[in-house]
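Below, each chain spelled out in residue letters.
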Amino acid sequence: MAVDHSVSLPTLDLLGIGFGPSNLALAIALDEDARATGRRLKTGFIEKKPDFAWHNGMLLQDSRMQISFLKDLVTLRDPCSPFSFLKYLQSQGRLEDFVNLRSFLPTRIEYDGYLRWAASSFGEQIHYGEAVLGVKPRSAGGKVRALEVTSRRADGSETTRIAANLVMAVGGRPSLPAPLAALVERGAPAARRLVHSSGYLPQIDAALSASRAEAQAAGRRVRVAVLGGGQSGAEIFQDLVQRGSLDDDLDVSLVIRGSALKPADDSPFVNEIFNADFTDSIYRRSPEERQRFFDEYRGTNYSVVDVDLLERLYELFYMQKVSAQPRHTLLTQRHLTAATPGRHGLALTFDDLARNVTETSEFDVVVAATGYRRDDHRRLLEGLAPYLGDHAVGRDYRLETREDFLPGIWIQGGCEATHGLSDTLLSILATRSAEICASLHDAYETLAQQRAHAVA
Ligand SMILES: Cc1cc2nc3c(=O)[nH]c(=O)nc-3n(C[C@H](O)[C@H](O)[C@H](O)COP(=O)(O)OP(=O)(O)OC[C@H]3O[C@@H](n4cnc5c(N)ncnc54)[C@H](O)[C@@H]3O)c2cc1C
């Protein structure tokens, strides 16, 4: 019988989709494992950005990490790893100076430098500048034995790679409130005045300068609305206020749904929910218990702001009262119900739940710090739908698939509902990557069979 080697001998043993911190941590774990066991998988990663970058739209000057540097890519698994944050500091000649800072929380800019430094060791495995479009099954002998992954470069050219197994770590997709999403979908020119927090630094200067001339001609300042009461909204509000104070040309409104900005809870007892072994206790609960748990601890991560920043913002509003010049505003209990093109920007309509009225205000620029959706892996895996059922994920992060589907697919960052609040964060990268590596070893037997089939 003729054997189709392109099917049975996959080009890659493992293909990672997305190369952010999650798949970077996995690349390190696989490398360490290969050195220890001699079992080196042929691995590749596809990343749509042209180069490694960690949330580069939000690398604001003053922003700090929200977890200890000891929760880096490796330390909780192996404090002696050559990929630790401390090793990075040493390589840059800053170890002692960092110690003198007496801080566990580096700036995000420095942490991005650490991640880039670690990523640079895996250069030849990573295909940067390619966005994965979808995945299709490749069958032989009545079973799916490999996967075809198609990606597109910025110039429109497409490549299809064949892999025996996949690890999806595509992070979040920017989420917009429905009225703003509708404007973008319609391609309304006014949508150019809208910036999502994920693109804040690359886009905000252009958005502001497009409005400055109009505002000056009308004898007023540029009116900016920042939507969202979480950490990103608060950071962007502070950044805009600082920008505006240079030329006295911005009026910034922070618009939130809650009745107050709330503090992030990172107190020690609560922080134990981010310990690696907590994942077991969440995973074995019923869906109802997990939801109850999620609701109880939401305030560790969602719609909350670091206390230091809260205090700075409070002082800012207080100083406006002292000077009797209320320029920047905090608008609470506002629900966005409509967004339409205005004369100079976007007209936003809010239900004001405190006063029980509906109001429309025009803004030259709107920044939506309205979070992310974490279901993009489902969209990319649509071509495998008949084999994946309802996307149930095992404790080892492997998707449960039909029996006639041999490839393994692991999901990083898309399992919050089953694996807990740490799933989308950095806290568990060192341990989760080792768990996936171990699960891959179990799948190694299947891989050996796939290879044997090829030469039979
Ligand atoms: C501003 C900001 C600050 C944060 N700070 C912290 C913090 O201090 N502590 C913490 O624990 N967590 C923090 N987080 C949470 C964040 O999710 C993690 O820090 C981390 O980025 C998760 O890594 P990841 O690799 O799973 O996802 P991501 O970092 O989002 O990486 C996913 C990668 O996949 C790529 N990708 C997506 N789709 C495709 C595709 N179709 N084809 C190819 N590539 C694709 C993306 O370009 C991206 O590089 C922060 C999040 C934000 C937005």
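What you see is a predicted model, and the numbers here were worked out from it, not measured in a lab.

Rules used in this analysis
- Residues numbered from 1 in each chain as written.
- Predicted model: local features only at pLDDT ≥ 70, side-chain atom pairs only at ≥ 80, totals over all residues.
- Heavy atoms only, no water.
- Helix = DSSP H or I, 4+ residues; strand = E, 2+ residues; numbered from the N terminus.
- Rg over C-alpha atoms; globule rule 2.2 N^0.38 Å.
- Buried < 20%, exposed > 50% of the residue type's maximum accessible area, 1.4 Å probe, protein only.
- Areas by Shrake-Rupley, 256 points an atom, 1.4 Å probe, with all protein chains shown as cover.
- Lys, Arg positive; Asp, Glu negative; His and termini not counted.
- Charge placed at Lys NZ, Arg CZ, Asp CG, Glu CD.
- Core = buried A, V, L, I, M, F, W, Y, C linked by side-chain atoms within 4.5 Å.
- Contact = heavy atoms within 4.5 Å.
- Pairing = 2+ DSSP bridges.
- Domains from an automatic or database assignment.
- Buried area = accessible area lost by both parts, 1.4 Å probe.
- Polar contact = N/O pair within 3.5 Å; in protein donor to acceptor, adjacent residues only side chain to side chain.
- Nonpolar A, V, L, I, M, F, W, Y, C, P; charged D, E, K, R; others polar.
- Right-handed = clockwise from strand over helix to strand, strands pointing away.
- Salt bridge = Lys/Arg side-chain N within 4 Å of Asp/Glu carboxyl O.
- Near = heavy atom within 4 Å.
- Phe/Tyr/Trp six-rings, centres within 6.5 Å; stacked < 30°, edge-to-face > 60°.
- Lys NZ or Arg CZ within 6 Å of the ring centre and 35° of its normal.

### What to know about the overall build of the protein chain
Phase 1: A count of helical and extended segments in the protein chain gives 16 helices and 17 strands.
Phase 2: Over its C-alpha trace the protein chain gives a radius of gyration of 24 Å, about what one expects of a compact globule, namely 23 Å for 456 residues.
Phase 3: Along the first, second and third principal axes, the C-alpha set of the protein chain runs to 85 × 50 × 45 Å.
Phase 4: In the protein chain, which comprises 456 residues, the share counted as buried stands at 49%.
Phase 5: When the accessible surface of the protein chain is totalled, it reaches about 21,900 Å², and 51% of it is carbon and sulfur.
Phase 6: Here the protein chain contributes 52 positively and 59 negatively charged side chains, and the mean placements of these two sets differ by 3 Å.

### Here's the deal with the nonpolar core
Phase 1: The biggest cluster of nonpolar side chains holds 35 residues, and the ones touching the most others in it are L166, L381 and I409.
Phase 2: Looking at this core, the elements that each hand over two or more residues are strand 1 (12–17), helix 2 (21–37), strand 4 (130–140), strand 5 (143–153), strand 6 (158–168), helix 14 (385–388), strand 17 (409–411) and helix 16 (429–455).
Phase 3: For this core, the leading source of residues is helix 16, giving 5 residues.
Phase 4: When neighbours within four sequence positions are excluded, L166 is seen to be in contact with L14, L15, I17, V135, L147, V149, L381, G408, I409 and W410.

### A word on the pairing of strand 4
Phase 1: The sheet contact formed by strand 4 and strand 5 spans 10 bridges and is antiparallel. If you follow V132 over to strand 5, its bridge partner there is S151.
Phase 2: In this antiparallel pair of consecutive strands, strand 4 and strand 5, the connection spans 2 residues, and G141 shows a positive phi of 60 degrees.

### A closer look at the domain arrangement of the protein chain
Phase 1: Per the domain assignment, the segments of the protein chain are domain 1 (5–172 + 374–455) and domain 2 (178–264 + 301–368).
Phase 2: Measuring from the centre of the C-alpha atoms in domain 1 to the corresponding centre in domain 2 gives 35 Å.
Phase 3: Counting from both sides, the interface comprises 13 residues of domain 1 and, opposite them, 15 residues of domain 2.
Phase 4: Between domain 1 and domain 2 the total buried area reaches about 990 Å² when both faces are included, carbon and sulfur atoms providing 52% of it.
Phase 5: Remark: the boundary between domain 1 and domain 2 carries 4 residue pairs in polar contact (both at pLDDT 80 or more).
Phase 6: Split into classes, the residues belonging to the side of domain 1 that touches domain 2 amount to 5 nonpolar, 5 polar and 3 charged.

### Some details on the pairing of strand 10 (residues 250–255)
Phase 1: The element strand 10 is largely enclosed, with a buried count of 5 among its 6 residues.
Phase 2: Direction of pairing for strand 9 (residues 222–227) relative to strand 10: parallel, over a ladder of 6 bridges. Along strand 10, the bridge assignment pairs A225 with S253.
Phase 3: Once the chain exits strand 9 it traverses helix 8 (residues 231–247) before rejoining the sheet at strand 10, and the crossover so formed is right-handed.

### Side note on the pattern of salt bridges
Phase 1: Tallied over the full model, the rule gives 33 salt bridges.
Phase 2: D376 is paired through a salt bridge with R173; the nearest N and O atoms lie 3.0 Å apart. Taken together, the residues D376 in helix 13 (residues 376–380) and R173 in strand 7 (residues 173–174) connect sequence positions 203 residues apart.
Phase 3: One salt bridge connects D352 with R355, and the closest N-O pair in it is separated by 2.8 Å.
Phase 4: A relative accessible area of 3% places D352 in the buried class.
Phase 5: Among the ionic contacts, a cluster of salt bridges with common partners joins R173, R373, D375, D376 and R379.

### Observations concerning unusual backbone geometry
Phase 1: The backbone of H55 sits at a positive phi, close to 40 degrees, despite the residue not being glycine.
Phase 2: The backbone phi angle of A324 is positive, close to 55 degrees, even though this residue is not glycine.
Phase 3: Tracing the chain through its elements places A324 in the loop between helix 12 (307–323) and strand 11 (329–331).
Phase 4: Residue A324 is classed as exposed on the basis of its relative accessible area of 60%.

### Quick notes on the side chain of E148
Phase 1: Tracing the backbone shows E148 in strand 5.
Phase 2: There is a polar contact of 2.7 Å between the side chain of E148 and the side chain of R138.
Phase 3: Residues in contact with E148, not counting those within four places in the same chain, are G134, V135, K136, R138, T160, R161 and I162.

### A few points about the site of the ligand
Phase 1: Among the 27 residues in the neighbourhood of the ligand, the closest are listed as S22, E47, Q66, T424 and L426.
Phase 2: Within the backbone of P21, a nitrogen or oxygen atom sits 3.2 Å from an oxygen atom of the ligand.
Phase 3: A distance of 3.0 Å separates an oxygen atom of the ligand from a polar atom in the side chain of W54.
Phase 4: Summarising the interface, the protein chains cover 92% of the accessible area of the ligand, which totals 980 Å² for the free molecule.
Phase 5: Of all the secondary-structure elements, those providing two or more residues to the shell around the ligand are helix 2, strand 2 (43–47) and strand 4.

### Overview of the packing of aromatic side chains
Phase 1: One pass over the full model with this rule turns up 21 aromatic pairs.
Phase 2: Arranged with centres 5.9 Å apart and planes meeting at 45 degrees, the rings of F294 and Y302 form a pair that is tilted.
Phase 3: Overall, Y302 belongs to the partly exposed group, its relative accessible area being 24%.
Phase 4: Taken together, the ring pairs in this structure connect W54, F69, F83, F85, Y88, F98, F104, Y111, Y114, W117 and F122 into an aromatic cluster.
Phase 5: Positioned over the ring face of Y283 is R290, at 5.5 Å from the centre of the ring.
Phase 6: The ring of Y397 has R432 lying over it, and the distance from NZ or CZ to the ring centre is 5.8 Å.

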